[in-house]
Amino acid sequence: MGEWPGNWAELIRGIGCEMCENGRPDANRYGLRIMAGRYSDAYLQRADVQRGYTVVIWRGRHVNEPTELDDTEAAGYWAEVLAVARALIKVYQPLKMSYETLGNSLPHLHTHLVPRFPEDPRPGQPFPLSAQLPAGKIPEPRLLAEAAELRSLLR
């Protein structure tokens, strides 16, 4: 049986939170920013997990749960998540879009957007995301082209 990280108490207070410490870079080891919103940033992921896999990250104070947002912040965050999802749907044309707001390995509000396709690894079930980075990466030219197309839709 697994255990919560040893520094969980610090992480939920924002101490050592990678999402807070990273600031708002245009690119990081995980992905390329495709949207810099008022409430969130969206990063098209480098990991070859699924075409269009994107993470939308809350960019206010450190927040663990969406219930910690006031009504204006919550409306803004979810509106930006949906704007990114609409752009992903337009570009990738998936059968379904999965929205996963977990925070089990890093307790900072963020939402995984996972387009689902006919060749999906688990049709009709949650997508098999892992806390570990996969070894495979999307080829850089393809990643840059897809990011540029998504940015053009999110302006």
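Conventions adopted
Residues numbered from 1 in each chain as written. Predicted model: local features only at pLDDT ≥ 70, side-chain atom pairs only at ≥ 80, totals over all residues. Heavy atoms only, no water. Helix = DSSP H or I, 4+ residues; strand = E, 2+ residues; numbered from the N terminus. Contact = heavy atoms within 4.5 Å. Polar contact = N/O pair within 3.5 Å; in protein donor to acceptor, adjacent residues only side chain to side chain. Disulfide = S-S within 2.5 Å. Buried < 20%, exposed > 50% of the residue type's maximum accessible area, 1.4 Å probe, protein only.

1. A closer look at the environment of Glu 73
- Residue placement: Glu 73 occurs in helix 3 (residues 71-92).
- A C-alpha to C-alpha distance of 8.9 Å links Glu 73 and Gly 60, two positions 13 residues apart in sequence.
- In this view, Glu 73 contacts Tyr 39, Trp 58, Arg 61 and Glu 68; residues no more than four positions away in its chain are not counted.
- A polar contact is formed between the side chain of Glu 73 and the side chain of Arg 61, at a distance of 2.7 Å.

2. A word on the state of the cysteines
- This model, assessed by the stated rule, comprises zero disulfides.
- The closest cysteine sulfur to the non-disulfide-bonded Cys 17 is located on Cys 20, 3.7 Å from its own sulfur.
- Judged by its relative accessible area of 0%, Cys 17 falls in the buried class.
- Relative accessible area serves as the criterion here: at 33%, Cys 20 is assigned to the partly exposed category.

3. Points about the side chain of Thr 111
- When you line up the elements, Thr 111 lands in strand 5 (residues 110-116).
- Of the residues examined, Thr 111 reaches a relative accessible area of 0% and is grouped as buried.
- Side chain to side chain, Thr 111 and Thr 101 meet in a polar contact 2.9 Å long.
- Ignoring anything within four residues of it in the chain, the contact list for Thr 111 reads Thr 54, Val 55, Val 56, Tyr 77, Trp 78, Val 81, Glu 100 and Thr 101.

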